[in-house]
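# Descriptive structure summary
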Amino acid sequence: MSDLFASDLFETAPEDIALDPGAMLLAGFARAEAESLLQDVAAIARAAPFRHLVTPGGWTMSVAMTNCGALGWVSDRSGYRYDRLDPESGQPWPAMPPSFLDLAQRAAARAGFADFTPDACLVNRYVPGARLTLHQDRNERRLEAPIVSASLGLPATFLWGGLARADKPRRLRLVHGDVVVWGGPARMTFHGVDTLRDGDHPMTGAVRYNLTFRQAGDRT
Ligand code: MD3
Ligand code: FE
């Protein structure tokens, strides 16, 4: 039997790809449940609409964001932080849907991180032209916990640098249903998302969503 035939058989099956120590791409891991995840995103956005946050430096972000879970990531002129309340409404963020928590825990466990208990899920929405410049995620209280990210809709080029901002980033294509788990030695790598290209995805149209699950507060 040819290798070509063998790989065709598994073309749509999830596969695990080690990217770096502590970083694993679970290709297609969320594909089968994408439709229900997108319904949950829509429900979250009805309670806490997507908005363009302003950075401490005064720039309006091209990526629109909302959150679910006990804590939500926010930015304004005073800085970046996790907050229990949505500053737009003064209300707590919508609860994390069981489907989100379950996905995040299964992905973390598969990548070798047992007992992942995310208390925050940042939901990013990209339209063509939106990008996320190179940064580290360092506002979380438990840096020993991984971050789990799930991509839905249009594909994006993820920029994946090193532990110093000046390290030249590698480029990684993330498509609908891909999940990446970043922990251990990979947790503080600089990363970003290149300018989203135009496209039309059957489930989202000209939009990419990314869910990132974090353990942002002190574990209770
Ligand atoms: C690597 N989001 O919200 S997810 C972010 O696709 C963010 O929306 C991107 O970076 C997005 O902060 C990328 C992948 C990701 C998330 C966190 C990481 C990669 C990471 C933390 C450390 C190292
Ligand atoms: Fe990030």
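Above this text sits the structure in question.
Residues numbered from 1 in each chain as written. Chains lettered and ligands numbered in written order. Predicted model: local features only at pLDDT ≥ 70, side-chain atom pairs only at ≥ 80, totals over all residues. Heavy atoms only, no water.

## Here's the deal with the site of ligand 1
Around ligand 1, a shell composed of 19 residues is seen, among which N124, Y126, R187, H191 and R208 lie nearest. Contact between ligand 1 and N124: an oxygen atom at 2.9 Å from a side-chain N or O atom of the residue. Here an oxygen atom of ligand 1 sits 2.9 Å away from a polar atom, N or O, in the side chain of R208. Relative to its unbound accessible area of 500 Å², ligand 1 is 98% covered by the protein chains. Here ligand 1 occupies the largest pocket. Those elements that provide at least two residues to the shell around ligand 1 are strand 6 (120-126), strand 7 (132-135), strand 8 (147-153), strand 12 (191-193) and strand 13 (208-214). Ranked by residues supplied to the shell around ligand 1, first place goes to strand 13 with four residues. In terms of residue class, the shell around ligand 1 is made up of eight nonpolar, seven polar and four charged. (Near = heavy atom within 4 Å. Polar contact = N/O pair within 3.5 Å; in protein donor to acceptor, adjacent residues only side chain to side chain. Areas by Shrake-Rupley, 256 points an atom, 1.4 Å probe, with all protein chains shown as cover. 1 Å grid on protein atoms, 1.4 Å probe; cavity = no way out; pocket = protein on both sides within 12 Å on 5 of 7 lines; lining within 4 Å. Sits in = over half its atoms within 2 Å of the grid points. Helix = DSSP H or I, 4+ residues; strand = E, 2+ residues; numbered from the N terminus. Nonpolar A, V, L, I, M, F, W, Y, C, P; charged D, E, K, R; others polar.)

## Considerations on the layout of surface pockets
The calculated volume of the largest pocket comes to roughly 780 Å³. Forming the boundary of the largest pocket are 37 residues, of which L132, T133, H135, D137 and H191 lie nearest the centre. Elements with a contribution of two residues or more to the lining of the largest pocket: strand 6, strand 7, strand 8, strand 12 and strand 13. Considering only residue class, the lining of the largest pocket consists of 15 nonpolar, 14 polar and eight charged. (Points joined across faces, edges and corners; volume = space filled by probe spheres on them.)

## Brief notes about helix 3 (residues 98-110)
Taking 1.5 Å per residue as the helical rise, helix 3 with its 13 residues ought to reach 18 Å, and the 18 Å between its terminal C-alpha atoms agrees with that figure. Within the span of helix 3, buried status applies to F100, L103, A104, A107 and A108. Seen end-on, helix 3 carries its buried residues on one side only, within an arc spanning 125°. (Expected span 1.5 Å × (residues − 1). Buried < 20%, exposed > 50% of the residue type's maximum accessible area, 1.4 Å probe, protein only. Arc of directions from axis to C-beta.)

## A closer look at the coordination of the iron ion (ligand 2)
In the first shell of the iron ion (ligand 2), the protein supplies H135 (NE2), D137 (OD) and H191 (NE2), at 2.0 to 2.3 Å from the metal. The sequence pattern formed by the donor residues of the iron ion (ligand 2) is H-x1-D-x53-H. With H135 in strand 7 and H191 in strand 12, this residue pair connects regions lying 56 residues apart in the sequence. In this structure H135 comes out as partly exposed when scored by relative accessible area, which is 21%. H191 gets classed as buried once you look at its relative accessible area, which sits at 14%. (Donors = N, O, S within 2.8 Å, 3.2 Å for Na, K, Ca; no water.)

## Quick notes on the sheet that holds strand 3 (residues 64-68)
The strands making up a sheet are joined through hydrogen bonds of the backbone, oriented either antiparallel or parallel. Taken in spatial order, the seven strands make up an open sheet running 1-2-11-8-13-6-3, and their pairing is antiparallel. Each edge of the open sheet is held by one strand with a lone partner, namely strand 1 (15-20) and strand 3. Mean inter-strand twist for the sheet, computed between neighbouring axes without regard to direction, equals 20°. Note that strand 8 and strand 11 (residues 179-182) share four bridges and pair antiparallel. By the bridge assignment for strand 11, V148 is matched with V181. (Pairing = 2+ DSSP bridges. Axes fitted to C-alpha atoms, helices over the stretch in contact; angles between N-to-C directions.)

## Structural notes on the nonpolar core
F100, C121, V148, V179, L211 and F213 are the most contacted members of the largest nonpolar core, which has 31 residues in total. The set of elements that each furnish at least two residues to this core consists of helix 2 (34-47), strand 3, helix 3, strand 6, strand 8, strand 11 and strand 13. In this structure, F213 is in contact with M96, F100, L103, A104, F116, P118, A120, C121, P146, I147 and V148, ignoring residues within four places of it in sequence. Grouped together as the second largest cluster of nonpolar side chains are 28 residues, L25, Y126, A156 and A216 included. (Core = buried A, V, L, I, M, F, W, Y, C linked by side-chain atoms within 4.5 Å. Contact = heavy atoms within 4.5 Å.)

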